[in-house]
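Secondary and tertiary structure notes
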Amino acid sequence: MANETSKNIRLGLFVAVGTVFLIIAMYLIGSKQNLFSSTFHLSANFHNVNGLRVGNNVRFGGIDVGTIESIEIANDSSIKVVMIIDDDTKRFIKKNALASVGTDGLMGNKLININFVSEAAEGVEDGDTIQSLKPIETDEMLRTLNRTNEDVAVIVKNLKLITSKVNSPNSLWSILQDKLIADNVKQAGVNNRLTSNRTAILVGDLTAISQSI
């Protein structure tokens, strides 16, 4: 009889502790999903959500203020994202705020960032739709980098060709660097000056002879 009572007590304690843990877990999950706080809805339309999922976080100024409630295709060029936002932040978010798809860290989950805008505007209301920023697509960035690499490769090839021509024995640069040619050019200049002086003397002599005649 005593053993039976002891088992019942342990079972009751186990059930009670399990119930407490279950309530705490439900509260924590509910708090994360804003189930037990006053909330309002905001929407934003994106061309590409880059893997965003329902339940991901919404941040305002780097602080988690809500979660993604739904993601649906509005038309062939727009995806509508509905967010559940904590009502305490409503007075800080303006109608001209911009929503963008970001990442929690380098390799974390996708999330929505609601960004400040310096221009004055009215506060948002429940059900408002705010503007969105086009996210940077990884594929497009890689394509751009690939084109840049190709352009750099062409430039390097052209530089190599120019360098090889410059280093050629018959190039003008090689001729200008040749010391013997430089000395010959200098001597030619000296000879040219001497010839000019002699020509001037000869002209003077001819002038004197002409005057004498």
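As a reminder, the structure under discussion sits directly above these lines.
Quick summary incoming for the structure in this document. (Residues numbered from 1 in each chain as written. Predicted model: local features only at pLDDT ≥ 70, side-chain atom pairs only at ≥ 80, totals over all residues. Heavy atoms only, no water.)

A short note on the overall build of the protein chain
The helix and strand inventory of the protein chain stands at 4 helices and 7 strands. Written out in order from the N terminus, the α and β elements of the protein chain read α-β-β-β-β-β-β-β-α-α-α. Within the protein chain, buried positions represent 19% of all 213 residues. Total accessible area on the protein chain is roughly 15800 Å²; 60% of this is exposed by carbon and sulfur atoms. (Helix = DSSP H or I, 4+ residues; strand = E, 2+ residues; numbered from the N terminus. Buried < 20%, exposed > 50% of the residue type's maximum accessible area, 1.4 Å probe, protein only. Areas by Shrake-Rupley, 256 points an atom, 1.4 Å probe, with all protein chains shown as cover.)

Notes on the nonpolar core
One finds Leu42, Met83, Ile85, Ile93, Ile112 and Ile114 to be the most contacted residues of the largest nonpolar core, which totals 22 residues. Counting only elements with at least two residues in this core, the list comes to β1 (39–46), β2 (57–60), β3 (63–75), β4 (78–86), β5 (98–103) and β6 (110–115). If we skip the residues at most four places from it in the chain, Leu42 touches Val81, Val82, Met83, Ile85, Ile93, Ile114, Val124, Glu125, Asp128 and Ile130. (Core = buried A, V, L, I, M, F, W, Y, C linked by side-chain atoms within 4.5 Å. Contact = heavy atoms within 4.5 Å.)

Concerning the pairing of strand β7 (residues 128–132)
Here β1 pairs with β7 via 3 bridges, running parallel. When the bridges of β7 are listed, Ala44 appears paired with Ile130. Taken together, the 2 bridges between β5 and β7 define a ladder with parallel strand orientation. What sits directly across from Leu98, in β7, is Gln131. (Pairing = 2+ DSSP bridges.)

Section: unusual backbone geometry
Unusually for a residue other than glycine, Asn50 sits at a positive phi of about 55 degrees. When its relative accessible area of 22% is taken as the criterion, Asn50 is described as partly exposed.

Looking at the packing of aromatic side chains
Here the structure, examined in full by the defined rule, presents 1 aromatic pair. Ring geometry for Phe60 and Phe116: centres 4.6 Å apart, planes at 50 degrees, overall tilted. One end of the pair, Phe60, is in strand β2; the other, Phe116, is in the loop between β6 and β7, with 56 residues separating them in the sequence. A residue is classified by how much of its surface remains accessible, and Phe60, at 9% relative accessible area, is buried. By relative accessible area, which is 61% here, Phe116 ends up exposed. It is Lys90 that lies over the ring of Phe40; its NZ or CZ is 5.1 Å from the centre. (Phe/Tyr/Trp six-rings, centres within 6.5 Å; stacked < 30°, edge-to-face > 60°. Lys NZ or Arg CZ within 6 Å of the ring centre and 35° of its normal.)

Overview of the sheet that holds β6
Pairing within the closed barrel is mixed, and its 7 strands lie in the order β1-β4-β3-β2-β6-β5-β7. Adjacent strand axes in the sheet meet at a mean angle of 40 degrees, parallel and antiparallel pairs treated alike. (Axes fitted to C-alpha atoms, helices over the stretch in contact; angles between N-to-C directions.)

Taken by themselves, the reported measurements are silent on function.
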